[in-house]
Amino acid sequence: MDFADLQDRLLFAIPKKGRLHEKCLQLLQGADIQFHRRNRLDIALSTNLPLALVFLPAADIAKFVGEGNVDIGITGQDVVVESGANVEEILQLGFGKCDLCVQTPIKNGEYKGARDLVGKRIVTSFESIVARYFNALEAGMSQQDASASLLNTSSTNAGAVPPSPRTVINYVSGSVEAACALGLADAIVDLVESGETMRAAKLHAITTVLTSQAVLICNPRKHNTVPLIETLKRRIEGVIVAQRYVLCNYNISRDRLKQAIAVTPGKKAATVSPLEDNNWVAVSAMVSKKEVAEIMDKLEVIGATDILVVDIHNSRVRT
């Protein structure tokens, strides 16, 4: 493969490994982005769309998109904020959710919040975010306002590591949770997903600096000039909706229809169709997959019959 193979193709960056990789592959399959990736190659040409998938470390994707090396990509919001890259977030994907938290040893009850750590030693892999956050605290901002300031990426040096007048911030690339036990830090700032690693290290979270999830990002100069970007966004959005909802079908007597619609209002409105028996109607509505059992119970109590739930494989419904 050479440069000529990528001509006239949209370049779509995907995490090559890690916690987001498998979920991204599922999204691509659901959006009917077909490709064949050869062993040891980090570029795969789509066989049914004019695009190429570029498999990169998640930490590099925001920078590549912002600088125009690739057109769109999927990565975590935490990575976007840490990089300070000039990218446009066009869709939140609902997976890879985690919190970037200030964590301290459980046995040390001295620290109740991040402000108590101003002037202390912090170890993290998110050097830029943490430096900007503690600079904001030292400038007198509340913890909430300091977190909000991180989302302002309009500054040209948003991804830089500013000097922290009082708080000592040290960077490590991994095993951040060991820093307190080794005496290297008074606290750490690291991602918390399930919390198992944090608890195993006898740490607890005292402040959430940033909440994060996987996002679809694009180069701001490309969004309105490359129609395929919006097409991909709508396809991926449709897959996400299909994963969250099912289609609930049932029959109900007309005199109880209002009660039933209150239980299954649908995304915009339920579909109501007449039956051969004029006293009855058929109803079809999208319902949350998480609530489907409870909804079926409520419909049965109201008097609905022939209640069926059908999986949605794809959709074109806005999240």
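Computed from a prediction, not measured in an experiment: that's the story for all the values here.

(A) Representation of the sheet that holds strand S12 (residues 245-253) within the structure. Taking strand neighbours across the sheet as the criterion, the four strands line up as S13-S14-S12-S15 in an open arrangement whose pairing is antiparallel. Only two strands of the sheet have a single neighbouring strand rather than two, namely strand S13 (271-274) and strand S15 (305-311). Within this sheet the neighbouring strands show an average axis-to-axis angle of 20°, counted without direction. Alignment of S12 against strand S14 (residues 280-288), held across nine bridges, turns out to be antiparallel. Looking at the pairing, Ser253 lines up with Trp280 of S14. Where helix H7 (residues 227-244) meets the sheet, its contacts fall on S12 and S14, and the angle it forms with S12 comes to roughly 55°. Along the sheet, helix H9 (residues 292-302) contacts S12, S14 and S15; its crossing angle with S15, the most-contacted strand, is approximately 165°.

(B) Layout of helix H1 (residues 21-30). Here H1 has its buried residues at His21, Cys24, Leu27 and Leu28. For H1, the angular spread of buried residues about the axis comes to 120°, placing them on one side. For H1, the secondary structure elements touched by its buried residues are strand S1 (10-15), strand S3 (51-56), strand S4 (72-76) and H7. With its phi angle positive at about 60°, Asp32 sits one or two positions after the end of H1.

(C) A look at the pattern of salt bridges. Going through the model one piece at a time under the given rule, you end up with nine salt bridges. For Lys63, the salt bridge goes to Glu67, with nearest N and O atoms at 3.4 Å. Take Lys63: its relative accessible area is 45%, and that puts it in the partly exposed class. The structure contains a network of salt bridges with shared partners spanning Lys16, Arg37 and Asp42.

(D) Structural context of the environment of Val209. Positionally, Val209 belongs in strand S10 (residues 203-212). The spatial distance from the C-alpha of Val209 to the C-alpha of Gln29 is 34 Å, given a sequence separation of 180 residues. Beyond its immediate stretch of four places on either side in the chain, Val209 contacts Leu100, Cys101, Val102, Ile129, Tyr133, Ser147, Leu150 and Val189.

Calculation notes
Residues numbered from 1 in each chain as written. Predicted model: local features only at pLDDT ≥ 70, side-chain atom pairs only at ≥ 80, totals over all residues. Heavy atoms only, no water. Pairing = 2+ DSSP bridges. Helix = DSSP H or I, 4+ residues; strand = E, 2+ residues; numbered from the N terminus. Axes fitted to C-alpha atoms, helices over the stretch in contact; angles between N-to-C directions. Contact = heavy atoms within 4.5 Å. Buried < 20%, exposed > 50% of the residue type's maximum accessible area, 1.4 Å probe, protein only. Arc of directions from axis to C-beta. Salt bridge = Lys/Arg side-chain N within 4 Å of Asp/Glu carboxyl O.

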